[in-house]
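# Structure at a glance
Here's the letter readout for the chains.
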Amino acid sequence: MHTLTRRLLVVGAHGDDETLGAGATIARLADEGVTVSLCILTNDDGSRSAAGAEVTNRTDAIELAAKTLGIERVRVHEFGDNRLDTVSHLELNQVVEREVREFEPDTIFATSMCDLSTDHALVSRAARVAGRPGKGPVREVRTFEIRSATDVGEASGLPVTFRPNCWQVVDESHLERKIEALRAYGKELEPWPNPRSERGVRALAEYRGSQVSAGLAEAFEIVRSVR
Ligand SMILES: [Zn+2]
């Protein structure tokens, strides 16, 4: 796929979605000359503020993580964390459509509709709308899995589950860059056995890799591929 992908747009609800979902693949593709742009819809820690913790702007962390992964272009929007369901579909779709118009990606990676996070599901839908078949440049749309969102959706009885049909093989250096990018988000890297621990991230890469008899991999669900 990477020989055909020249311009990749990664769409996430929160800073860290891109790294948890596709960080090692992004690092590999960037190394191979693919131009990567990142679009994040929210820039605060609204769910933390609801829990009484200090609200922080995540833009600096997003930019640092993006740099670590080799992402060239970063756009962080101003919607509130865990509040995307208060934004009209029209507005959300228009934001992602504008990204597609300006960057002209041939490939989109986005969060999954199968996640327990409502933000993730809404962003997944908006990315599909922006990348729908038509006159636009997008030839392929994929969704990625995020530990403690996609797997928790499965463990919470959601009627749809993530069904990978594409495995991106990565090497140790790509996985290390993914873990380093996660460190940019500081408190997002938890101690084992939390799924967002360094060991948890590595365990998923080993599991997905071993599914296809490769050392390490990230799994994706291809929504559409026209090649
Ligand atoms: Zn998220």
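This text follows the structure it describes.
Our subject in this report is the structure included herewith. The shown structure was predicted, so the numbers you read here are calculated from the model rather than taken from an experiment.

### Re helix α5 (residues 118-130)
Relative to the 18 Å expected for 13 residues at 1.5 Å per residue, α5 spans 18 Å between its end C-alpha atoms, a close match to the ideal helical length. Restricting attention to buried positions, one finds in α5 the residues Asp 119, His 120, Ala 121, Leu 122, Val 123, Ser 124, Ala 126, Ala 127 and Ala 130. Buried residues along α5 sit in contact with β1 (7-12), α1 (17-31), β2 (35-42), α4 (89-103), β4 (107-110) and β5 (140-144). Capping the start of α5, Ser 117 holds a side-chain oxygen 3.3 Å from the backbone nitrogen of Asp 119, two or three residues further along.

### Quick word on the coordination of the zinc ion
At this site the zinc ion is bound by His 14 (ND1), Asp 17 (OD) and His 120 (NE2), with donor distances of 2.0 to 2.1 Å. The sequence pattern formed by the donor residues of the zinc ion is H-x2-D-x102-H. With His 14 in the loop between β1 and α1 and His 120 in helix α5, the pair connects residues that are 106 residues apart, well separated along the chain. Taken as a pair, His 14 and His 120 share a single burial class, namely buried.

### Here's the deal with the pattern of salt bridges
Scanning all chains against the criterion turns up 14 salt bridges. Linking Glu 97 and Arg 132 is a salt bridge whose minimum nitrogen-to-oxygen distance equals 3.0 Å. In this pair, Glu 97 is assigned in helix α4 and Arg 132 in the loop between α5 and β5, connecting sequence segments 35 residues apart. Classification of Glu 97 by relative accessible area gives partly exposed; the value is 23%. Note on Arg 132: relative accessible area 47%, which makes it partly exposed.

### Overview of the environment of Phe 220
With respect to the element layout, Phe 220 can be found in strand β7 (residues 216-225). Here the alpha-carbon distance between Phe 220 and Glu 63, two residues 157 residues apart in the chain, equals 24 Å. When residues no more than four places from it in sequence are discounted, the contact partners of Phe 220 are Ala 22, Thr 25, Phe 109, Arg 142, Thr 143, Phe 144, Phe 162, Pro 164, Asn 165, Cys 166 and Gln 168.

### Things to note about the pairing of β2
When you tally the buried positions in β2, you get seven out of eight residues, the bulk of the element. Of the strand pairs in this sheet, β1 and β2 are connected by six bridges, and their pairing is parallel. From the neighbouring strand, Val 10 faces β2, where its bridge partner is Leu 38. Regarding topology, α1 serves as the crossover connection from β1 to the parallel β2, and that connection is right-handed.

### Here's the deal with the state of the cysteines
Under the definition given, this model contains zero disulfides. Summary of cysteine pairing: Cys 114 is not part of a disulfide, and the nearest cysteine sulfur, belonging to Cys 166, is at 15 Å.

### Structural notes on the environment of Glu 32
Here Glu 32 is to be found in the loop between α1 and β2. In the structure, Glu 32 is positioned 26 residues away from Arg 6 in sequence and 9.4 Å away in space, judged by C-alpha atoms.

Reading the values: the criteria
Residues numbered from 1 in each chain as written. Predicted model: local features only at pLDDT ≥ 70, side-chain atom pairs only at ≥ 80, totals over all residues. Heavy atoms only, no water. Helix = DSSP H or I, 4+ residues; strand = E, 2+ residues; numbered from the N terminus. Expected span 1.5 Å × (residues − 1). Buried < 20%, exposed > 50% of the residue type's maximum accessible area, 1.4 Å probe, protein only. Contact = heavy atoms within 4.5 Å. Polar contact = N/O pair within 3.5 Å; in protein donor to acceptor, adjacent residues only side chain to side chain. Donors = N, O, S within 2.8 Å, 3.2 Å for Na, K, Ca; no water. Salt bridge = Lys/Arg side-chain N within 4 Å of Asp/Glu carboxyl O. Pairing = 2+ DSSP bridges. Right-handed = clockwise from strand over helix to strand, strands pointing away. Disulfide = S-S within 2.5 Å.

Functional significance is not addressed by these values, which are geometric in nature.
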